[in-house]
Amino acid sequence: MGEYEQSFSANPQQAEYWNTVAGPKWVKYDAELDSRLRPMTVELLRRAAIGPGLDVLDIGCGAGSTTEQIARSVGPTGTVLGLDLSEPLLSVARDRCAALSHVTFLNADAQVYPFAPESLDLLLSRFGVMFFGDPVAAFANLLKALRPSGKLHFVCWASAEKNEWFTVPLDVVTAYLGSPEPVPPRAPGPLAFSDRDYVAEILSAAGFRDIRIETVETTVVSSDSLEKQAELYLRMGPAARLMAARPPEPGVMDRPPRPQHRAAPREGQA
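Below you will find a few notes about this structure. Sequence positions are assigned chain by chain, starting from 1 and proceeding in written order. Totals for whole chains, interfaces and linings use all residues, but because this is a predicted model, local features are given only for residues with pLDDT of at least 70 and pairs of side-chain atoms are given and counted only at 80 or more. Where side-chain values are given, they derive from all heavy atoms of the structure, hydrogens and water being excluded.

### Side note on the overall build of the protein chain
A count of helical and extended segments in the protein chain gives 12 helices and 7 strands. Our radius of gyration looks at C-alpha atoms and nothing else; its globule reference is 2.2 Å times the residue count to the power 0.38. Computed over the C-alpha atoms, the radius of gyration of the protein chain is 19 Å, within 12% of the 18 Å expected from 2.2 N^0.38 for a compact globule of 270 residues. Counting only C-alpha atoms and orienting by the principal axes, one finds that the protein chain spans roughly 55 × 40 × 35 Å. Buried residues are those whose accessible area, probed at 1.4 Å on protein chains only, stays under 20% of the maximum for their type, while exposed residues exceed 50% and partly exposed ones sit between those limits. Counting over 270 residues, the protein chain shows a buried share of 45%. Look at the contacts in the protein chain between residues 6 or more apart in sequence, and 76% of them connect residues 24 or more apart. We get accessible surface area from the Shrake-Rupley algorithm with a probe of 1.4 Å; when it comes to residues, only the shown protein chains can shield them. Total accessible area on the protein chain is roughly 13,800 Å²; 53% of this is exposed by carbon and sulfur atoms. Positive charges come from Lys and Arg alone, negative charges from Asp and Glu alone, with His and the N- and C-terminal ends not counted. One atom stands in for each charge, and that atom is NZ of Lys, CZ of Arg, CG of Asp or CD of Glu. With 26 positive and 33 negative side-chain charges, the protein chain shows a spacing of 4 Å between the two charge centroids. Strands are runs of DSSP state E lasting at least 2 residues, helices are runs of H or I lasting at least 4, and numbering of each runs from the N terminus. The contact criterion used throughout is that any non-hydrogen atoms of two residues lie within 4.5 Å.

### A word on the side chain of T41
Note on placement: T41 falls in helix α5 (residues 38-48). The buried category is assigned to T41, whose relative accessible area is 2%. Nitrogen and oxygen atoms within 3.5 Å of one another constitute a polar contact, given that in protein one can donate a hydrogen and the other can accept it, and given that sequence-neighbouring residues count only through two side-chain atoms. At a separation of 2.9 Å, a polar atom in the side chain of T41 contacts the side chain of R126.

### Description of unusual backbone geometry
One non-glycine residue, A49, lies in the positive phi region at around 50 degrees. Position of A49 among the secondary structure elements: in the loop between α5 and β1 (55-59). For A49, a relative accessible area of 58% gives the class exposed. Phi at E118 is positive, roughly 50 degrees, even though this residue is not glycine. Here E118 shows up in the loop between β3 (103-107) and β4 (120-126).

### Here we look at the nonpolar core
The definition of a nonpolar core used throughout is a set of buried Ala, Val, Leu, Ile, Met, Phe, Trp, Tyr and Cys residues joined through side-chain atoms within 4.5 Å. Judged by nonpolar contacts, the single largest core of 65 residues is most densely connected at F139 and F193. Among the elements that take part in this core, helix α10 (residues 196-206) stands out by supplying 5 residues, more than any other. When near neighbours in sequence (up to four residues on either side) are disregarded, F139 contacts V129, F132, L152, F154, F193, I202, L203, A206 and F208. Of all hydrophobic cores here, the second largest spans 8 residues; its members include V173, Y176, L242 and V252.

Here's what the structure looks like:
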């Protein structure tokens, strides 16, 4: 039995991916990614209406940007637990929140971790809940940790067609390397929750009630140069995964982009 099968038996593939591939990449580009995700973060935290004294779980906390903001909202009378599969990302998160004594971090799988029953006021996640091996089991497990008056708020991506953040870089790489192999639309990954009805079914089956799902259009922008943006988009996301699965021959990606390619990605929906 391998390291991740033993430690993360419910979701070993995602654990391995986020510890050995995606996590280290995110650490390198944390500032760039965090700035691009800021509009979604602001809207998520606004809707969650986090107040002083709450006990909050940040699911898939990553490098701790959202955890830090939650901690400042709940204040020293509250607590924040940041949970993630990726130890490289948690290392950054611990450094980021080192001065906040009411914050703790845990390298674990929210799908199966034995949370104390009815110990939390709020479950919150920024793009961290789409990677569960069994979403119904995961949300059912999380529900047990909520107090009767507790709430769940999370943000996830809408379909790829509504997110040039995904499609523009992938279109460019596809022109050189061919289309990626199809994957099941609900397999763990960034777009696993792009179907609103499917998300509602999951949450209802897990025991949640008063479910509200809204699609919000926003804009992913950056002041980075085109070169820096291209570097990021070719190292993170679906374009990077295609290049990893089908490495291009030397020099192939140095050719100028073809005229029919769309402009740099801007729009996103979550």
